[in-house]
Amino acid sequence: MSMPSPHSPRLRRLLFTTARAVFRLMPMSQAQRDRVRNRLLQRFHGWLPPAPRGRQDVRLSSRRPTVRAVRAAIGYQPPQAPVPLPSPLPARVIAFYLPQFHPIPENDAWWGEGFTEWRNVTQALPQFEGHQQPRLPSDLGFYDLRDVDTLRRQAALAREHGVEGFCAYFYWFGGKRLLETPLQRWLETPDLALPLCLCWANERWARNWDGRSGVTLIDQQHSETDDLAFITHIARYLRDPRYLRVDGKPLLLVYRPGLLPDAAATAARWRRWCQEHGVGELHLAYVQGFERPVPNSIGFDAAIEFPPNLATPPDLTARQRLINPEYGGSALDWRALAQEVVARPDPGYPRYPAVNPGWDNEPRRAGHGRSYLHASPRGYRDWLRATIAQRLPSDRRDERLVFVNAWNEWAEGAVLEPDIRLGHAWLNATRNALLPVPAPDRRPHVVVHAWYLEAVPDLVASLRASDLAWRAIFTTSPEKADALRDLLADCGLDWEVAAYENRGRDVLPFLHVADRLLEAGVAWVLKLHTKQSVHRDNGAQWRRELVERLAGQRAVALLEHAHQTPDLGLIAPEGHVLPLERFMGANADALDFLEVRCGLPSIAPTATVFPSGSMYWVRLEALRPLLDAHLSPEDFEPEQGQIDGTLAHAIERALLHVVHASGHVHRTAAAVLGLPENGDGDYAFARSA
């Protein structure tokens, strides 16, 4: 057997894995472990094994061409009227804030005339299918932070959505300040209602953006003299009545205290100077981005979490379907990050928790970025809500701080500001986490896709036969919307019409509406459509049979059972639940794309069934793996009369896989009602493969 080369990726990975296992077994405090890890990474960064590579052997599909994330996706939320927030708020939400978005002479010299972070942001390209790049701003545009009006608009957005203030990075290099203009504008504008505190970003700047290696652009000059010059300069911020305080003390952060020659001595100098010069006591905190010492061991009062740093979620790179065959970055699981951080035990010292709405620094490291996949506004809302409920002191209101990383890190994909894909969804999620959890809306809801308008009267009759007070949302294409409204004018239902591009058949319009209803707290929905299947001679019969088994006289009992069964996620029409193995058709490639895009376990066709005909009762919460993927219209093929092999067909076949992945089960309508299944024999409405 041949031995691997000492420079081979395989040997490097083996050595790294062995060294990491030994390192984890060594008896060290958390602070010591972090210190040693940082030193090793600094010195031996080039020894790290290459990241797992994505897949290049998948067959080209209609999704293979580069799809840039520049259109509204499923889950897009427009601006909403301000919602009254509780007083006091259950937490003080503070968002990290990047003042980089304006040109400075130094960046002109280092990166080119007029450089700001927007240049990196707009040049980013997707590296694998479903990679959401570039991420572009919507309402605020490509702003310049020298403009006070921009600061006012940011302040208004923050205030309306429950963000108390910003923690702005402060760039000080031995007396030289960079990117301070927005903060100076804040000082010069006393009526700017934007509370903030400062975080001294005390790293050197390097050309490769990661602070670990590469050509130094500007270095730090830590010393006793520098400590005093720093605190003297920022005192004007600390004295401002708008400055964020904890128990009346100005809150001052240091990004990496481990880079200070003696952090405790620095803290003592700052405290003494502030006492002698009328600032008063400080509340000193450090950011746990690279190290986790006990705060009082370095003269500080508290620590602040900084996800995604210092977390180890699963690596998903190997599953990704590459667009760029040279991609050398990594794709990690944001969902696992959230679970890991929210479950951290109390460290026994003051530590303010933090949450993160996503991370992807591809714009800064083209082709080699670190991307956290499957972040979603609802997942972020749940993380923030759980943090507030479980990880804050119950008796000290002023110390109930939660930090968000970040407000506007556009080049690192950590953003609350409105963007083109999802609009105000991240801001609304922040606000919703601060509001009481609403009771679920248990009213009967039905979503009907009306393409064949001649079938609408039959569907309306079936709904009315149940005597339920339906709220009905009819979807159709824009050119049919007026005719549909005329048809529904006297139908006797509480209805609305939602028009969408003719793309994704009945599936994409349903997902748009389902996302909106889930956000509004609706529990269960009946999904129907005017199915004709004109390529078959029994298409109308297929529709009537599906509707008969889900609506009409059965609807009341089915909905009542659904509300009483917490683990039930979907009710399918009996006789129409088919084995995927026999009815895979031309959908293998689209299913592969879908399971990777949604972060689902691999589908086992021999153990998977699906509700044929795409009609069912569904608990909207059970669709979250699919809805929280925020698929875009471009992920669905243009309408060309396809009868198989599209993403819509794949979603139909993966539906129960999605429901089960969410932790729910499915039953047939007959099983719910205690009736025979009537599913034996050949299936009359589709050909087995």
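Remember, predicted model here, so these are calculated numbers, not experimental data.

Enquirer: Break down the overall build of the chain for me, citing the residues and quoting the values.
Expert: On a plain count of helices and strands, the chain comes out with 20 helices and 27 strands. When burial is assessed residue by residue, the chain has 57% of its 689 residues classed as buried. When contacts within the chain are restricted to residue pairs at least 6 apart in sequence, long-range pairs at least 24 apart make up 77% of them. When the accessible surface of the chain is totalled, it reaches about 28400 Å², and 53% of it is carbon and sulfur.

Enquirer: Give a description of the pattern of salt bridges that names residues and reports values.
Expert: Any two side chains of opposite charge can pair, on the condition that their charged atoms come close. Counted under the stated rule, the structure contains 50 salt bridges. Across the pair Asp-144 and Arg-146 runs a salt bridge, and its minimum N-O distance is 2.5 Å. Given the relative accessible area of 25%, Asp-144 is considered partly exposed. Assessed through its relative accessible area of 37%, Arg-146 is described here as partly exposed. Ionic pairing is found between Asp-333 and Arg-335, a salt bridge with its closest N-O pair at 3.0 Å. Assessed through its relative accessible area of 9%, Asp-333 is described here as buried. Each member of the salt-bridge network shares a partner with another, and the members are Arg-378, Arg-381, Asp-382, Asp-515, Glu-519, Glu-621, Arg-624 and Asp-628.

Enquirer: For the confidence of the model for the chain, give the residues involved together with the corresponding values.
Expert: Put simply, the chain has an average pLDDT of 92, and 90% of its residues get 70 or more. Residue range residues 1-6 is modelled with pLDDT below 50. Its contacts to residues more than four positions away, or to other chains, number five contacts.

Enquirer: Which residues make up the packing of helix α7 (residues 224-238) against helix α8 (residues 263-276), and what are the values?
Expert: Running from N to C, α7 and α8 point in directions that differ by 45°, and their axes come no closer than 10 Å. The angle between α7 and α8 falls in the class oblique. Where α7 crosses over α8, the two elements pack in a sense that is right-handed. Residues Glu-224, Asp-227, Leu-228, Phe-230, Ile-231, Thr-232, Ala-235 and Leu-238 of α7 form the contact with α8, whose own contacting residues are Thr-266, Arg-269, Trp-270, Trp-273 and Cys-274. Looking at the contact of α7 with α8 residue by residue, the classes come out as eight nonpolar, two polar and three charged.

Enquirer: Quick one: what's the story with unusual backbone geometry, residue by residue and with numbers?
Expert: The omega torsion of the bond from Pro-307 to Pro-308 falls at 20°, within 30 degrees of zero and hence cis. Its place among the elements puts Pro-308 in the loop between β10 (302-305) and β11 (330-333). A cis geometry characterises the amide bond from Asn-405 onward to Ala-406, with omega recorded as 20°. For Ala-406, the location among the structural elements is in the loop between β16 (401-404) and β17 (408-409).

Enquirer: Lay out the packing of aromatic side chains with the relevant residues and their values.
Expert: In total, this model carries 35 aromatic pairs according to the counting rule given. Note on Phe-170 and Tyr-237: the rings are 6.0 Å apart at their centroids and 70° apart in plane angle, and the pair reads as edge-to-face. Separated by 67 residues along the polypeptide, Phe-170 in strand β2 (residues 163-173) and Tyr-237 in helix α7 bring together distant segments of the chain. For the pair Phe-170 and Tyr-237, one class covers both residues: buried. Joined through ring pairs, the aromatic side chains of Phe-96, Tyr-169, Tyr-255, Phe-290, Phe-306, Tyr-352 and Phe-403 make up one cluster. Its end group placed over the ring of Phe-290, Arg-256 keeps NZ or CZ at 3.8 Å from the ring centre.

Enquirer: With reference to specific residues and values, describe helix α11 (residues 425-434).
Expert: The buried fraction of α11 amounts to nine of the 10 residues, a majority that puts the element mostly inside the structure. Where α11 is concerned, the buried positions are Ala-425, Trp-426, Leu-427, Asn-428, Ala-429, Thr-430, Arg-431, Ala-433 and Leu-434. Elements that come into contact with the buried residues of α11 comprise β1 (92-97), α5 (148-160), β2, α10 (377-390) and β18 (414-415).

Enquirer: Give a detailed account of the sheet that holds strand β14 (residues 359-360), specifying residues and quantitative values.
Expert: If you walk across this open sheet you meet the three strands as β11-β15-β14, and the pairing is mixed. On the outer flanks of this sheet lie β11 and β14, each paired with one strand and no other. Sheet contacts for helix α9 (residues 334-342): β11 and β15 (370-373); angle to β11, the most-contacted strand, approximately 50°.

Enquirer: Account for the nonpolar core, naming residues and giving values.
Expert: Counting residues in hydrophobic clusters, the biggest one holds 117 residues, and the most contacted among them are Phe-96, Leu-252, Leu-253, Phe-403 and Trp-407. Of all the elements, β2 adds the most residues to this core, at nine residues. Beyond its immediate sequence surroundings of up to four residues, Leu-252 is in contact with Leu-198, Phe-230, Ile-231, Ile-234, Tyr-243, Trp-270, Leu-282, His-283, Leu-284 and Ala-285. Of all hydrophobic cores here, the second largest spans 85 residues; its members include Leu-517, Leu-546, Leu-591 and Leu-594.

Enquirer: Any details on the pairing of β10? Residues and values, ideally.
Expert: In β10, alternate side chains face the same way, and those of Ala-302 and Ile-304 on one face and Ala-303 and Glu-305 on the other are all buried. Relative to β10, strand β9 (residues 283-288) is paired through four bridges, and the arrangement is parallel. Paired with Ala-285 across the bridge in β10 is Ala-302. Where β10 meets strand β12 (residues 351-352), two bridges bridge the pair, whose relative direction is parallel. For Ala-303, the partnering residue across the bridge sits in β12 and is Arg-351.

Thresholds, definitions, all that
Within every chain, residues take consecutive numbers counted from 1 along the sequence as written. For this predicted model, a pLDDT threshold of at least 70 governs which residues receive local features, and a threshold of 80 or more governs which side-chain atom pairs are given and counted, while totals over whole chains, interfaces and linings are taken from all residues. With hydrogens and water excluded, all non-hydrogen atoms of the structure serve as input to the side-chain values. Secondary structure follows DSSP: runs of H or I at least 4 residues long count as helices, runs of E at least 2 residues long count as strands, and numbering of each begins at the N terminus. For every residue, the accessible area (1.4 Å probe, protein chains only) is compared with the maximum for its type, and the residue is labelled buried under 20%, exposed over 50%, or partly exposed between those bounds. Here a residue-residue contact requires only that any non-hydrogen atoms of the pair lie within 4.5 Å. Using the Shrake-Rupley algorithm and a 1.4 Å probe, accessible areas are obtained, with residue cover drawn only from the displayed protein chains. We define a salt bridge as a contact between a side-chain nitrogen of Lys or Arg and a carboxyl oxygen of Asp or Glu at a distance within 4 Å. pLDDT: the predictor's confidence for each residue, scored from 0 to 100. Between the N-to-C directions of two axes lies an angle of 0 to 180 degrees, each axis being a line fitted to C-alpha atoms and, for a helix, fitted only over the stretch in contact. Small angles under 35 degrees read as roughly parallel and large ones over 145 as roughly antiparallel, with 65 to 115 read as roughly perpendicular and the rest as oblique. By the definition used in this description, the sense in which the near helix is turned from the far one sets the handedness, with an anticlockwise turn below a right angle giving left-handed and a clockwise turn giving right-handed. Classification convention: Asp, Glu, Lys, Arg as charged; Ala, Val, Leu, Ile, Met, Phe, Trp, Tyr, Cys, Pro as nonpolar; all other residues, Gly among them, as polar. To pair, rings of Phe, Tyr and Trp, with the six-membered ring standing in for Trp, must have centres within 6.5 Å; the planes then decide the type, stacked if under 30 degrees apart, edge-to-face if over 60, and tilted in the middle. When the NZ atom of lysine or the CZ atom of arginine is within 6 Å of a ring's centre and also within 35 degrees of its normal, the charge is said to sit over that ring. Here the rule is simple: two strands pair whenever DSSP picks up at least two bridges between them. For this analysis, a nonpolar core means a set of buried residues of the types Ala, Val, Leu, Ile, Met, Phe, Trp, Tyr and Cys, connected via side-chain atoms within 4.5 Å.

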